[in-house]
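In case you want the letters, here they are:
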Amino acid sequence: MALNSKIPSGPIEKKWDNHKFEMKLVNPANKRKYSVIIVGSGLAGASAAATMAELGYNVKCFAYQDSPRRAHSIAAQGGVNAAKNYQNDGDSVFRLFYDTVKGGDFRAREANVYRLAQISSNIIDQCVAQGVPFAREYGGHLANRSFGGAQVSRTFYAKGQTGQQLLLGAYSALSRQIGLGKVQMYNRTEMLDVVLVNGHAKGIITRDMVTGKIEAHSADAVVLGTGGYGNVFFLSTNAMGCNVTATYRAYKKGAFFANPCYTQIHPTCIPVSGDYQSKLTLMSESLRNDGRIWTPKAQGDKRKPSEIPDSERDYYLERKYPSFGNLAPRDISSRSAKEACDAGRGVGPGGLGVYLDFSDSIKRLGEDTIRDRYGNLFDMYQRITNENPYQVPMRIYPAVHYTMGGLWVDYNLMSSIPGLHVIGEANFSDHGANRLGASALMQGLADGYFVLPYTIGDYFANNKSETPSTDHPEFKKAIEDVTNRTNKLLSINGKRTVDSFHKELGKIMWDYCGMARNKEGLTKAIAEIPKLREEFWSNVKVTGSSAELNQSLEKAGRVADFLEFGELMCIDALNREESCGGHFRTEYQTEEGEAKRNDDKYCYVSAWEYKGDNAKPVENKEELVFENVHLAQRSYK
């Protein structure tokens, strides 16, 4: 099935403006007649909820945290991109567009990426107006720094806590609408299914995570802003609560899942220290502005870093990619670190680490300047490792971070289910096979503040139907299905914990579908995951009851989805016989070990369609057309 992305006609720089004029509008008085459900309250969800309520729509917003302030967007550290060209260093909308398409290894949709670059400047203006305390130069102008995959400084930041500050800005806008009664906020509430009436998304089924009550909510449209699925690997930089449930349940109701194998490994994380760990800690990519990455040149060199002279150090990113150096893109930097460690030149316990060294910058700029730029990150590192990064280099190693795959959406951010819109990391649309740093916050805010509020109005204007009652048979059936699934999990009463299954799945995924994949490993994973899933449904032990706060039950539902979704990821990775961005098949690489694309066969989006629990999913394709950026072998040398 060929997918209709609904990309507007005309030159790329005019597509969004023309589209905004051509879309049908809902007048201000009529907006009050429409209701919208938004699942998720991170940057995408909170900005969408606040903006749509400000326009006049009636909004219900759902979060499984105790407050929208706890959404995982708070963990983003380094910054948000925008093509302001404040540094006068050659940046432009087109350059941001070009860097993003190239950074995604030419596997993103051009029209969406250009729109993102266009909107980027509006995001900064919006956030400054909200009081977000971006860093400023001595004269008062907003400061910028660089991120991987760019040769300009376009990243706006607030020390190493940019995500937190941006989220507080969106939360303040959301809180205003909650106070005005235009947004009903449901905290500690998890979405467990989406409800379709006459083929359109018209509501969701939720579970109150405190009381256990299962409820139905209806609306004229549903928006998912529920983030990514990196926790399928168990160990990742994501908060432990992050999960795939909302998007996967939508997939099982008919929403196509696009490019699930595109997962990003972040090169700058604190290395694993033991089997007891439940998550990994990210050190912002912004540190690579002033930190130099290196390993000893000799295998097995156990000397202290201060004892290794410069001539015996391999600054491998500077050596391999002289044009970009330590700011090479994430996928390339991660594979280079793995390559060094696999060659026996890793540092720290187990040899799974490389140095991120600030000694040169501290000598050049002074410790106070480094502290001003990254102080909270250095403090966090010291608390976790008991090492002072002002005195000794940080030890870092790649870890699962962001996911570029997600539910397929058209140019209007609507999935293959009419009325079901998907925003932020939950959709696939903007990053291709690899996300450049500081672009996640940009996409989440662009979708929520500036894209969805336009496009959802066009959906309403073209689909004038009454909001269904929650007494509708489809809602009753969905409640019954959710209740039965919950009761089944509680009734198994096996001998293994939920976490033990999650850890085992995570190891399979990391070993066979992690930083590097091949046909043999993926085939093995596709054989092993169904066996593990079968054992889960016969031997998992979920304690407690459904009518109370029950974290074991919450985890069980999410891990059950991961056990299905992990297989879909491996199927997608096996199907894509090329390397591109974060999807690195060892059979498809250049002589220098770089990703080798196959544009003749795989220059398309894989959008998978659910066909039943025991049936193989069907691949639908959206061909990618590059009219403004020439398809070329990606090079950062």
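Being a predicted model, the structure only gives us computed values, none of them experimental.

Procedures and definitions
Residues numbered from 1 in each chain as written. Predicted model: local features only at pLDDT ≥ 70, side-chain atom pairs only at ≥ 80, totals over all residues. Heavy atoms only, no water. Helix = DSSP H or I, 4+ residues; strand = E, 2+ residues; numbered from the N terminus. Buried < 20%, exposed > 50% of the residue type's maximum accessible area, 1.4 Å probe, protein only. Contact = heavy atoms within 4.5 Å. Phe/Tyr/Trp six-rings, centres within 6.5 Å; stacked < 30°, edge-to-face > 60°. Lys NZ or Arg CZ within 6 Å of the ring centre and 35° of its normal. Salt bridge = Lys/Arg side-chain N within 4 Å of Asp/Glu carboxyl O. Pairing = 2+ DSSP bridges.

**Description of the side chain of Glu 564**
Its location among the elements puts Glu 564 in helix H16 (residues 551-575). Residue class for Glu 564 comes out buried when judged on its relative accessible area of 13%. Those residues in contact with Glu 564 that lie beyond four places of it in its chain are Tyr 248, Lys 252, Arg 533 and Asp 613.

**Comments concerning the packing of aromatic side chains**
Aromatic ring pairs are reported here in terms of the distance separating the ring centres and the angle at which the planes meet. Counted under the stated rule, the structure contains 30 aromatic pairs. Both rings, one in Trp 294 and one in Tyr 355, keep their centres 4.7 Å apart while their planes meet at 45°; by these two values the pair is tilted. On the criterion of sequence distance, the pair formed by Trp 294 in strand S12 (residues 292-296) and Tyr 355 in strand S14 (residues 354-357) is long-range, its members being 61 residues apart. Residue classification places Trp 294 among the buried positions, given a relative accessible area of 0%. Overall, Tyr 355 belongs to the buried group, its relative accessible area being 8%. Among the aromatic side chains, those forming a connected cluster through ring pairs are Tyr 229, Tyr 248, Tyr 251, Phe 257, Phe 565 and Tyr 610. A cation sits over an aromatic face here: Arg 371 above Tyr 390, 4.2 Å from the ring centre. For the cation-ring pair, Arg 435 lies above Tyr 402, with the distance from its terminal atom to the ring centre recorded as 4.1 Å.

**Some details on unusual backbone geometry**
Even without glycine at this site, Asn 88 takes up a positive phi of about 55°. Positionally, Asn 88 belongs in the loop between strand S3 (80-81) and helix H4 (93-103). The backbone of Leu 413 shows a phi angle near 70°, a positive value even though the residue is not glycine. Note that Leu 413 resides in the loop between strand S16 (406-407) and strand S17 (420-422). Note on Leu 413: relative accessible area 0%, which makes it buried.

**Let's talk about the pattern of salt bridges**
Tallying each qualifying case throughout the model produces 47 salt bridges. In this structure, Arg 395 engages Glu 387 in a salt bridge whose closest nitrogen and oxygen atoms are separated by 3.1 Å. On the accessibility criterion, Glu 387 (22% relative accessible area) is partly exposed. A salt bridge links Asp 481 to Lys 477, with the nearest nitrogen and oxygen atoms 3.1 Å apart. With a gap of four residues between them, Asp 481 and Lys 477 both fall in helix H13 (residues 473-491), about one helical turn apart. Here the salt bridges share partners, and the residues they tie into one network are Asp 105, Arg 107, Asp 331, Arg 335, Arg 576, Glu 578, Arg 597, Asp 599 and Arg 634.

**Examining the pairing of strand S15 (residues 394-403)**
The buried fraction of S15 is high, at ten of ten residues. Inspection of the sheet shows strand S11 (residues 263-269) paired to S15 by four bridges, in the antiparallel sense. Pairing of Cys 269 across the sheet is with Tyr 397, part of S15. Where S14 meets S15, three bridges bridge the pair, whose relative direction is antiparallel. Counterpart to Val 354 in the pairing with S15 is Ile 396.

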